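Residue strings, one per chain:
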Amino acid sequence: MKNTNPYPEFSVSMSVYKNDDPTFFYEAVQSVLNQTVMPQEVIIVIDGYIPDETETILQDFKKAHDIIKIVRLEKNMGHGHARNIGLRNSKHDYVALMDSDDICRNNRFELQLNYFAANPDTSIVGGTIEEFLMVPENKLLKRKLPSTDTDIKNYMKYRCPFNQMTVMFKKKDVLEAGGYLDWFCNEDYYLWVRMAEKKFTFHNLEEVLVDVRVNENFYDRRGGYKYFKSEAKLQKLMYSKGIISLPVLVWNILIRFAVQVIMPNRLREYFFMKFTRSK
């Protein structure tokens, strides 16, 4: 597809696997194709087996839109590996991430590309998300993160500093930091840490870029001992690299243990909605 607009060419990378709802997947892809500034390619990594309904939706999209590119993995390799495959198969200098059950606002890519144009030294541009319960009309709360590079990197000492499904970045900078590496449920956070080490510049837009679908199990998935171990290990890594102090390390691990291991799901949901979300 010829680029007929003044914006740089860019790729969108997303993945789909067997447990993704076909209808939600359709809505996610459709939102990527309903943009004020269109991508030149949409890389969809099929992470192992997918059901026939999802396959049919995928093939229909491919027939209708020549920008759809499919990469198939023989077996399910997980989030981090699929992200890496999508990144390495993207042809363009800018790559936007997207999840298979969320919905992009139709000016998402235009806003991000405008920021890159005005701030060419920036490596990553994320933004705010607004969560909804099952259908977009049933809006809940927003997750708005710090916007400036300094504030983002300070926030990173305590929590993941980007809403990963909103991120657009420069491919070469991500690859320079090593790309996506395996780290259970925290491949994105681990990548941002390594990019911060290399002094790449970060930014979050205040605008909502993506509507994020949640359900009754959404906060339950953010708990459990395995999830806690992964996050605690990442905190220890940041301490070993001098990113956080010993008191911050201890505080972060204690908070995570309380929220992810001790708290029942209903109380965990209240904690996230009260302290990490806003109207």
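Rules and cut-offs
Residues numbered from 1 in each chain as written. Predicted model: local features only at pLDDT ≥ 70, side-chain atom pairs only at ≥ 80, totals over all residues. Heavy atoms only, no water. Core = buried A, V, L, I, M, F, W, Y, C linked by side-chain atoms within 4.5 Å. Buried < 20%, exposed > 50% of the residue type's maximum accessible area, 1.4 Å probe, protein only. Helix = DSSP H or I, 4+ residues; strand = E, 2+ residues; numbered from the N terminus. Salt bridge = Lys/Arg side-chain N within 4 Å of Asp/Glu carboxyl O. Phe/Tyr/Trp six-rings, centres within 6.5 Å; stacked < 30°, edge-to-face > 60°. Expected span 1.5 Å × (residues − 1). Contact = heavy atoms within 4.5 Å.

### Here's the deal with the nonpolar core
Okay, step 1: Residues Val42 and Ile44 are the most contacted members of the largest nonpolar core, which totals 36 residues.
Okay, step 2: Counting only elements with at least two residues in this core, the list comes to strand E1 (10–16), helix H1 (22–32), strand E2 (41–47), helix H2 (52–64), strand E4 (94–97), helix H4 (108–118), strand E6 (122–133) and strand E9 (201–214).
Okay, step 3: Membership of the second largest hydrophobic core comes to 32 residues, among which are Leu97, Leu191, Phe202 and Val248.

### Looking at the pattern of salt bridges
Okay, step 1: Taken as a whole and judged by the stated rule, the model has twelve salt bridges.
Okay, step 2: Here Asp99 ties to Arg83 by a salt bridge, and the two come within 2.9 Å at their closest N and O atoms. With Asp99 in the loop between E4 and strand E5 (103–104) and Arg83 in helix H3 (residues 79–89), the pair connects residues that are 16 residues apart, well separated along the chain.
Okay, step 3: Look at Arg83 and you get buried, because its relative accessible area is 5%.
Okay, step 4: The structure contains a network of salt bridges with shared partners spanning Arg105, Glu130, Lys139 and Asp211.

### Comments concerning the packing of aromatic side chains
Okay, step 1: Counted according to the given criterion, the structure contains eight aromatic pairs.
Okay, step 2: With a centroid separation of 5.3 Å and an interplanar angle of 25°, the aromatic rings of Tyr26 and Phe61 are classed as stacked. Taken together, the positions of Tyr26 in helix H1 and Phe61 in helix H2 put the pair 35 residues apart, joining distant regions of the chain.
Okay, step 3: Using a relative accessible area of 39% as the deciding quantity, one classes Tyr26 as partly exposed.

### Comments concerning helix H8 (residues 225–240)
Okay, step 1: Taking 1.5 Å per residue as the helical rise, H8 with its 16 residues ought to reach 22 Å, and the 22 Å between its terminal C-alpha atoms agrees with that figure.
Okay, step 2: Where H8 is buried, its residues contact helix H7 (187–197) and helix H9 (246–262).
Okay, step 3: Gly242 sits one or two residues past H8 and shows a positive phi near 80°.

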